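# Chain and residue survey
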Amino acid sequence: MSSAPSKKQQAADLLRKALADGQWHRACPLLDELACQGIYEWTATDACKLAGVEKRMARGKFPAAVEWRLRPANADDALVVCR
């Protein structure tokens, strides 16, 4: 008998699907989508780590925004991963 996936696993799966194109996406709509599914900030942060999400501050945009993408498979280890 298998148990249902944890909230963290559900969030990581959603992030992998949403970020599958490898492009940068604004984090706010993704966090809103997670919140609609009952997954909130602490769990989302853990899910980012699990999914291998990179984050950055969007440059040249006002107001400033955080953007996320899946870490490329051949990425340099020096890149910042979502914490």
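So, here is what we can say about the structure in this document. Residue numbering note: each chain is counted from 1, following its sequence as written. Reporting of local features is limited, given that this is a predicted model, to residues whose pLDDT is at least 70; pairs of side-chain atoms are given and counted only at 80 or more, and all residues count toward the totals for whole chains, interfaces and linings. Side-chain metrics in this entry use all non-hydrogen atoms of the structure; hydrogen atoms and water are not considered.

Moving on: the packing of helix H1 (residues 7–18) against helix H2 (residues 27–36). Axis definition: a line fit to C-alpha positions, over the contact stretch in the case of helices; interaxial angles, taken between N-to-C directions, run 0 to 180 degrees. Only DSSP runs of H or I with at least four residues qualify as helices, and only runs of E with at least two residues qualify as strands; both kinds are numbered from the N terminus onward. Between H1 and H2, the least distance of the axes is 11 Å, while the angle of their chain directions is 140°. The element H1 and its partner H2 pack so that their crossing is right-handed. Between H1, through Ala11, Leu14, Leu15 and Ala18, and H2, the contact on the second element is made entirely by Leu30, Glu33 and Leu34. In this count, Pro and Cys sit with the nonpolar residues alongside Ala, Val, Leu, Ile, Met, Phe, Trp and Tyr, while Asp, Glu, Lys and Arg are called charged and the others, Gly among them, polar. Its residues assigned to classes, the contact of H1 with H2 comprises six nonpolar, no polar and one charged. In this scheme, a crossing is called left-handed if the near helix is turned counterclockwise away from the far one by less than a right angle; it is called right-handed if the turn is clockwise. The contact definition used throughout considers only heavy atoms, calling two residues in contact when any of these lie within 4.5 Å.

Take a side-chain nitrogen of Lys or Arg and a carboxyl oxygen of Asp or Glu: if they are within 4 Å of each other, that pair is a salt bridge. Inspection of every chain in the model, using the stated rule, returns three salt bridges. Here Glu54 ties to Arg69 by a salt bridge, and the two come within 2.5 Å at their closest N and O atoms. Of the two residues, Glu54 sits in strand S2 (residues 53–57) while Arg69 sits in strand S3 (residues 66–70), which places them 15 residues apart along the sequence. With respect to burial, Glu54 and Arg69 carry one shared label: buried. One salt bridge in this structure joins Glu67 and Arg56, with 2.8 Å as the shortest N-O distance. With Glu67 in strand S3 and Arg56 in strand S2, this pair connects stretches of sequence that are 11 residues apart. Throughout this description, buried means an accessible area under 20% of the type-specific maximum (1.4 Å probe, protein chains only), exposed means over 50%, and partly exposed covers the range between.

Now for the pairing of S3. Here S3 lies mainly inside the structure; four of its five residues are buried. Strand pairing is assigned whenever DSSP detects at least two bridges linking the two strands. Strand direction decides the pairing type here: strand S1 (residues 25–26) and S3, joined by two bridges, are antiparallel. Residue pairing for S3: His25 is matched across the bridge by Trp68. Both S2 and S3 contribute to a ladder of five bridges, which runs antiparallel. The partner of Glu54 across the bridge, within S3, is Arg69.

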